[in-house]
Amino acid sequence: MKKSRLVMVGLVLVGLSTLNSCKNEPWGDKTRIVFWTPPFPEQETRDWLVKYTDKYNEINTDNVYIDLLFIAQDAWEQTLKTSQATGDAPQLSFENYADILRKTMSGLYMPLDDYLPENAFADLYENVNEMTMENNQHYIYPAFTEPYSMLFYRKSMLNAAGVTPPTSWEEMYQASKVLTTKDRYGIQLIPSAQLGWAIWGFQAQAGHYLLNDNWDAPLVNDSFNHSLFDVWYRINKEEYTTKVAQESYTMITPLATGKVAMQLAGSWVIGQLKNDYPNVLDDIGYVPCPTIDGIVDGVTTSAMGGWGMAMDAHAENPVEAGHFINYLLAGDTNIMLEFFKSTGYSKLSGRVSVDEYMKTAPESANDPFRKFMVEKIAPYSLAEPIYIWEISRDYAQAMESTYLSNISIDNALKALDKKIKDYILANELAGTNPQK
Amino acid sequence: MTKIKYKSDQVKTAIIALLPSFVLLTTFAIIPIFLSLSSSTLEGNNYMGFKFVGFSNYLKVLTDSNFWKSFLVGFQYVLVIVPIQLVLAFFLASLIIKLKQPLQSIIKVCIYVPCILSGIVVGAIFMYLYEYDAGLINTLLKIFNVDKVAWLADPKTALVAVGIASIWAGLGYVTLVMLGGLLDIPKDYYEAASLDGANIWQKFWHVTLPGIKNVGAYLLISCFVSTFQIFELPFIMTGGGPLDSTMGPIGYIYQHFSYDTTLGFTYASSVLIALFLAVASSLVFKLVNSSRSQE
């Protein structure tokens with residue numbers, strides 16, 4: 001009897017402590033809306049997310065608590081996929097434009113049009129609308145866009161070698177050759193691990209990616225890709241680039257530390273330079289990504305990607321979740337201005353009003369890098385491709401096979417062409433382009 | 001054929017002893033296998049609903065050249081890692097037996113230490129060793145005027161480089177199991193063989209090898225299965241590259257899991273690989289059992 005009483009008391013204590021721990025959760029009695037985001041590289045961006053999520057939780061009267069969780073970048077896709085497969089997905093998450101339409105076709109996300117005010121969408125640039133819409137509905141609200149490909153360089157190194165920033169692929173090869181010394185490589189091209197997606201910037205220069213509009217034929221076995229493979233082959237084979245990448249494509253460390261004289265990178269690295277390497281900032285120059293013919297003004301030199309917020313198709317509180325998206329990304333322009341400041345103006349807004357506001361705010365209006373992106377890169381950039389990842393991956397492998405396995409460029413392109421045709425058949429891609 | 005009768009308390013003890021394993025095996029192996037089997041015949045997700053597609057996911061996997069390439073890489077890993085690991089473990093275990101305490105314990109601990117390191121740590125250690133511009137190996141090569149080698153970025157060397165890291169990480173476990181097998185062989189056998197005038201080679205061939213046959217078979221199967229499924233080290237050290245030269249079957253599954261919007265293909269490839277490993281393992285078991293019954 002005594003024993004059973006003891007067990008009962010134990011159970012009650014456990015129950016009470018459980019209840020107590022629930023009450024101690026930050027959302028208390030409020031409805032919890034989970035919001036997942038990858039940890040963006042800049043600490044200032046993470047601080048911005050925490051600051052405004054906390055602020056929203058303080059001021060909102062919807063009896064809702066936004067639970068912001070940072071998911072490790074390396075495990076982002078897998079964690080999100082697992083949560084979706086087990087029916088435990090967050091109601092809100094960041095997504096990138098490349099994936100959103102393909103995932104929308106699989107029913108993963110909810111259209112946002114019913115949950116955000118009309119003027120939020122009217123504020124978007126037309127090209128951003130195209131990146132975020134399917135069947136006339138928006139599935140993602142943009143936080144930012146960013147060009148993928150530019151050429152950053154050390155002014156002092158180029159000056160010392162008497163080299164001007166290259167504008168054509170051939171000039172890029174010649175400059176890499178001249179700038180390579182015993183202790184330094186001429187250029188860091190795109191590292192192997194990121195080549196599949198980071199090469200989109202170069203592919204975009206052709207005005208299209210690797211499939212035709214109907215997604216029923218590859219567009220790879222041509223002179224444009226032959227030339228691109230060739231310059232890549234020569235720079236790698238002659239070791240004017242690092243044989244083993246010193247850093248990921250997302251990091252500007254090799255250029256900032258002087259291990260290379262030029263580096264291909266996306267716009268985001270300017271934030272790293274401003275925040276982490278202010279002492280070399282004055283020595284950093286940037287130009288549009290070199291093109292096949294050396295013409296870089298008024299033409300596409302980069303792909304354009306970016307991230308925004310999406311709502312899970314099974315979201316239980318879409319109205320409240322939409323309210324938060326509207327607050328964070330579509331409302332007060334000052335909030336977004338603070339975001340762009342946190343990234344060192346390395347990204348662009350998808351909203352006209354935010355851009356207009358940034359043109360008048362002294363700090364952003366006078367930022368030379370932002371001006372360069374707005375005038376030279378963004379207007380001509382091509383939205384990133386949305387077809388299955390394997391196609392981009394195989395393109396990168398075909399490219400690498402020329403200098404790693406001595407496959408001739410002709411054979412590499414022929415094999416790639418066949419492989420993409422096989423994918424089209426196996427995955428029944430023909431006629432499934434949602435943007436057509 | 002006589003039927004052994006067990007007492008009821010013996011049966012109860014057996015059930016109690018087996019229950020945890022049974023529950024764990026059912027929860028984490030048997031049920032997932034059946035779930036994977038049924039899911040591999042479906043296409044869709046929690047959002048769109050599921051559609052029965054029969055064997056079409058299997059057909060897609062089997063006609064994907066990358067799947068067969070990953071299979072080949074799995075075999076290459078087995079060829080590079082398993083024989084070297086088993087032979088090295090045998091020699092180390094033979095050496096340890098001959099040592100006296102406390103040297104024996106020190107060597108055992110030293111050999112086993114890599115086993116307690118996570119694959120990420122092992123990968124990081126070897127990445128430093130293999131580093132192209134300033135790694136230890138290339139620095140040593142430079143002393144002898146040998147050109148630097150891109151160990152992890154060259155398709156010709158990457159798999160072997162990952163394999164060496166794997167051998168180092170797993171050697172301690174294999175050696176200790178092998179040591180257990182060697183210690184189980186009665187000393188009388190060696191004494192009898194000596195009296196019969198057997199030399200070292202004859203003792204090895206007629207006493208040691210049959211004596212560690214079962215342990216050897218266990219190690220062969222477990223090393224084969226774990227090596228064929230190697231994932232962590234290539235994931236950390238090469239990401240499966242260059243040119244997929246280090247991406248085994250599990251890396252292939254992982255990639256589809258990460259990038260496909262539906263999971264039917266991933267399930268089908270998992271089932272095929274599990275099926276292959278089950279058949280391969282049972283063949284080795286059968287071989288060992290039949291040879292034992294002939295004795």
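Residues numbered from 1 in each chain as written. Chains lettered and ligands numbered in written order. Predicted model: local features only at pLDDT ≥ 70, side-chain atom pairs only at ≥ 80, totals over all residues.

Draft legend 1. How the structure looks around the overall build of chain B. Per the secondary structure count, chain B includes 13 helices and two strands. Overall, chain B is about 75 × 70 × 30 Å in size when its C-alpha atoms are taken along their principal axes. Looking at chain B as a whole, 28% of its 295 residues are labelled buried. For chain B, contacts bridging at least 24 residues in sequence account for 68% of all contacts bridging at least 6. (Helix = DSSP H or I, 4+ residues; strand = E, 2+ residues; numbered from the N terminus. Buried ≥ 20, exposed ≤ 12 C-beta atoms within 10 Å, placed from the backbone. Contact = placed C-beta atoms within 7 Å.)

Draft legend 2. Focus on helix H18 (residues 368-377) of chain A. Residue and element names in this part refer to chain A. Among the residues of H18, those classed as buried are Arg 370, Met 373 and Ile 377. Buried residues along H18 cover an arc of 95° about the axis, so they all sit on one side. Counted as exposed and oriented over 90 degrees from the buried face of H18: Pro 368 and Glu 375. Tucked into the core, H18 has its buried residues touching strand E6 (141-147), strand E7 (150-154), strand E10 (284-288) and helix H17 (362-365). (Arc of directions from axis to C-beta.)

Draft legend 3. Region of interest: the confidence of the model for chain B. Averaged over all residues, the pLDDT of chain B equals 89, while 96% of them reach at least 70. In the predicted assembly, ipTM is 0.79 and pTM is 0.84. (pLDDT = per-residue confidence, 0-100.)

Draft legend 4. Main features of the packing of helix H15 (residues 333-342) of chain A against helix H16 (residues 352-360) of chain A. Residues and elements named next belong to chain A. Two elements in contact, H15 and H16, have axes separated by 10 Å at closest approach and are oriented at 70°. Taken together, the axis directions place H15 and H16 in an arrangement best described as roughly perpendicular. The two elements H15 and H16 cross, and the hand of that crossing is right-handed. Within the contact between the two elements, H15 uses Thr 333, Met 336, Leu 337 and Phe 340 and H16 uses Ser 353, Val 354, Tyr 357 and Met 358. When grouped by side-chain class, the residues that make up the contact of H15 with H16 number six nonpolar, two polar and no charged. (Axes fitted to C-alpha atoms, helices over the stretch in contact; angles between N-to-C directions. Parallel < 35°, antiparallel > 145°, perpendicular 65-115°, else oblique. Left-handed = near helix turned anticlockwise from the far one by under 90°. Nonpolar A, V, L, I, M, F, W, Y, C, P; charged D, E, K, R; others polar.)

Draft legend 5. Just the nonpolar core, in detail. Of all hydrophobic cores here, the largest spans 122 residues; its most connected members are Phe 152, Met 309, Ile 325 and Tyr 395 of chain A. Both domains that meet at this core, namely domain 1 (30-146 + 304-366) and domain 2 (150-301 + 387-426) of chain A, each give it at least three residues. With sequence-adjacent residues up to four places away left out, Phe 152 of chain A is seen in contact with Ile 252, Leu 255, Gln 263, Ala 265, Val 269, Ile 284 and Tyr 286 of chain A. In terms of nonpolar packing, the next biggest core, distinct from the first, is built from 47 residues, Val 78, Phe 90, Val 162 and Ala 165 of chain B among them. (Core = buried A, V, L, I, M, F, W, Y, C linked by C-beta atoms within 7 Å. Domains from an automatic or database assignment.)

Draft legend 6. Structural detail: the pairing of strand E1 (residues 42-45) of chain B. Residue and element names in this part refer to chain B. Here four bridges tie E1 to strand E2 (residues 49-52), and the two strands are oriented antiparallel to one another. Its bridge partner being in E2, Leu 42 is matched across the sheet by Phe 52. Taking the residues that link successive antiparallel strands as the turn, the E1-E2 hairpin has three residues. (Pairing = 2+ DSSP bridges.)

Draft legend 7. Just the interface of chain B and chain A, in detail. Contact residues are listed per partner, giving 23 residues for chain B and 24 residues for chain A. Here the residues of the side of chain B that touches chain A sort into twelve nonpolar, eight polar and three charged.

Draft legend 8. The arrangement of the environment of Leu 273 of chain A in detail. Residue and element names in this part refer to chain A. Among the secondary structure elements, Leu 273 is positioned in helix H13 (residues 269-276). Under the C-beta neighbour-count criterion, Leu 273 is labelled buried, with 22 such atoms within 10 Å. Between the C-alpha atoms of Leu 273 and Ile 252, which are 21 residues apart in sequence, the distance is 7.4 Å. What Leu 273 contacts, discounting residues up to four positions off in sequence, is Ile 252, Ala 256, Leu 281 and Ile 284.

Draft legend 9. Spotlight on the sheet that holds E7 of chain A. All names here are of chain A. Reading across the sheet, the four strands line up as E8-E9-E7-E10 and stay open at both edges, with mixed pairing between neighbours. Sheet topology places strand E8 (185-188) and E10 at the edges, where each strand pairs with a single neighbour. Put simply, the sheet's adjacent strands are angled 20° from each other on average, direction ignored. Bridge count between E8 and strand E9 (residues 260-265): three bridges; the pairing is parallel. Across the sheet, residue Ile 187 finds its bridge partner in E9, namely Met 262.

Draft legend 10. Molecular detail of the domain arrangement of chain A. Residues and elements named next belong to chain A. Its domain assignment divides chain A into domain 1 (30-146 + 304-366) and domain 2 (150-301 + 387-426). Its C-alpha centre places domain 1 at a distance of 30 Å from the equivalent point of domain 2. With eight residues of domain 1 at the interface, the matching set in domain 2 holds nine residues. The class makeup of the residues in the side of domain 1 that touches domain 2 is one nonpolar, three polar and four charged.

Draft legend 11. Layout of the environment of Ile 236 of chain B. Residues and elements named next belong to chain B. Within the secondary structure, Ile 236 is located in helix H11 (residues 232-237). For Ile 236, a count of 19 C-beta atoms within 10 Å corresponds to the partly exposed category. For the pair formed by Ile 236 and Val 73, sequence separation is 163 residues and the distance between their alpha carbons is 17 Å. If we skip the residues at most four places from it in the chain, Ile 236 touches Gly 119, Ile 120 and Gly 123.

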